[in-house]
Amino acid sequence: MLIAKKLKQDNIAEYLLYMWQVEDLIRAYELDIDKIDDAIIAQYTQSDEIKAETKEWYESLIDMMRREGITESGHLVINKNVILDLTDLHLQLLKSSKESDYTATYYKTLSFIVELRSKSPDKNIPELETCFSALYGFLLMKLQKKEVSGETQAAISQISSFLRLLSIKYKEDRENGLEL
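Note that this is a predicted model, so its numbers are computed, not measured. (Residues numbered from 1 in each chain as written. Predicted model: local features only at pLDDT ≥ 70, side-chain atom pairs only at ≥ 80, totals over all residues. Heavy atoms only, no water.)

J.: Is there a simple way to explain the overall build of the protein in this structure?
T.: If you tally the helices and strands in the protein, you get 8 helices and 0 strands. When the helices and strands of the protein are placed in sequence order, the string is α-α-α-α-α-α-α-α. Taken over the C-alpha atoms alone, the protein extends approximately 50 × 40 × 30 Å along its principal axes. Considering the protein as a whole, with its 180 residues, one finds that 38% of them fall into the buried category. Nonlocal contacts in the protein, meaning residues at least 24 apart in sequence, comprise 66% of its contacts between residues at least 6 apart. The distance from the centre of the 23 positive side-chain charges to the centre of the 31 negative ones in the protein is 4 Å. (Helix = DSSP H or I, 4+ residues; strand = E, 2+ residues; numbered from the N terminus. Buried < 20%, exposed > 50% of the residue type's maximum accessible area, 1.4 Å probe, protein only. Contact = heavy atoms within 4.5 Å. Lys, Arg positive; Asp, Glu negative; His and termini not counted. Charge placed at Lys NZ, Arg CZ, Asp CG, Glu CD.)

J.: Is there a simple way to think about the layout of surface pockets in this case?
T.: In this approach the atoms are scanned with a rolling probe the size of a water molecule, which exposes any empty space left behind. In this structure, the largest pocket occupies an estimated 430 Å³ of space. Taken together, 19 residues line the largest pocket, and the ones lying closest to its centre are F112, E115, L116, K119 and A134. At the level of secondary structure, the elements contributing two or more residues to the lining of the largest pocket comprise α6 (100-119), α7 (127-143) and α8 (150-176). For the lining of the largest pocket, the element with the most residues is α7, which contributes 7 residues. Of the residues in the lining of the largest pocket, the class split is 10 nonpolar, 5 polar and 4 charged. Contributing to the lining of the second largest pocket are L7, N11, A13, E14, L17, Y18, L135, L139, S160, L163 and R164. If one sorts the elements of the lining of the second largest pocket by residue count, helix α2 (residues 12-28) sits on top with 4 residues. (1 Å grid on protein atoms, 1.4 Å probe; cavity = no way out; pocket = protein on both sides within 12 Å on 5 of 7 lines; lining within 4 Å. Points joined across faces, edges and corners; volume = space filled by probe spheres on them. Nonpolar A, V, L, I, M, F, W, Y, C, P; charged D, E, K, R; others polar.)

J.: Please clarify how the packing of aromatic side chains should be interpreted in this entry.
T.: The geometry of an aromatic ring pair is captured by the separation of the ring centres together with the interplanar angle, meaning the angle of the planes. Applying the stated criterion to the full structure yields 6 aromatic pairs. Plain terms: the ring middles of W20 and Y136 are 5.8 Å apart, the flat faces sit at 85° to each other, and that makes the pair edge-to-face. Taken together, the residues span a long stretch of sequence, with W20 in helix α2 and Y136 in helix α7 at a distance of 116 residues. Summarising the burial analysis for this pair, W20 and Y136 share the class buried. Aromatic side chains Y106 and F162 sit 5.8 Å apart centroid to centroid with 50° between the ring planes, which places their arrangement in the tilted category. (Phe/Tyr/Trp six-rings, centres within 6.5 Å; stacked < 30°, edge-to-face > 60°.)

J.: Even after reading the chapter, I still don't get the packing of α2 against α7, so can you show me in this structure?
T.: Two quantities define a packed helix pair, namely the angle between the helix axes and the distance between the axes. Relative to each other, α2 and α7 sit at 60°, their axes nearing to 11 Å. One way to sum up the angle between α2 and α7 is to call them oblique. Taken as a pair, α2 and α7 cross one another with a handedness that is right-handed. Judged by residue contacts, A13, L16, L17, W20, Q21 and D24 of α2 engage E129, F132, S133, L135, Y136 and L139 from α7. Here the residues of the contact of α2 with α7 sort into 8 nonpolar, 2 polar and 2 charged. (Axes fitted to C-alpha atoms, helices over the stretch in contact; angles between N-to-C directions. Parallel < 35°, antiparallel > 145°, perpendicular 65-115°, else oblique. Left-handed = near helix turned anticlockwise from the far one by under 90°.)

As structure tokens, then:
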């Protein structure tokens, strides 16, 4: 919960990847708050008050996952809304004549996005979700100590650069309002 709050303020891309990880973590513990409490929350070196808030946060996420029918797979609406917000900003940035650096970074990334989407069974996944899915898949591969080809590493590096820039623009827009 504390990490999520901080990431949401500082880096929206890292926040979303973290929240996807939390969704998978909740699934790994079978949506059982007692298991999550024992394995995760109890290990925190935080006050009892923070631990109680964290437990409530996990309980609310578990409840949302059940209500939204994503106990096996998928993402919470709150996380899908982040992608929608980022997509709105992304489209505004592409239309702006003041954002040539952003546009150039996007077009350097586009070939990777197109390639990833061509390999996906669902061709209707939004571009940004494709980028996040690629990064998340890469992170999972690293955790599993699987080998990653140089080609994949190059794609991930470019996608990371693109999402990093979008995150910076998102933060600027939230804090000061971008003049597009």
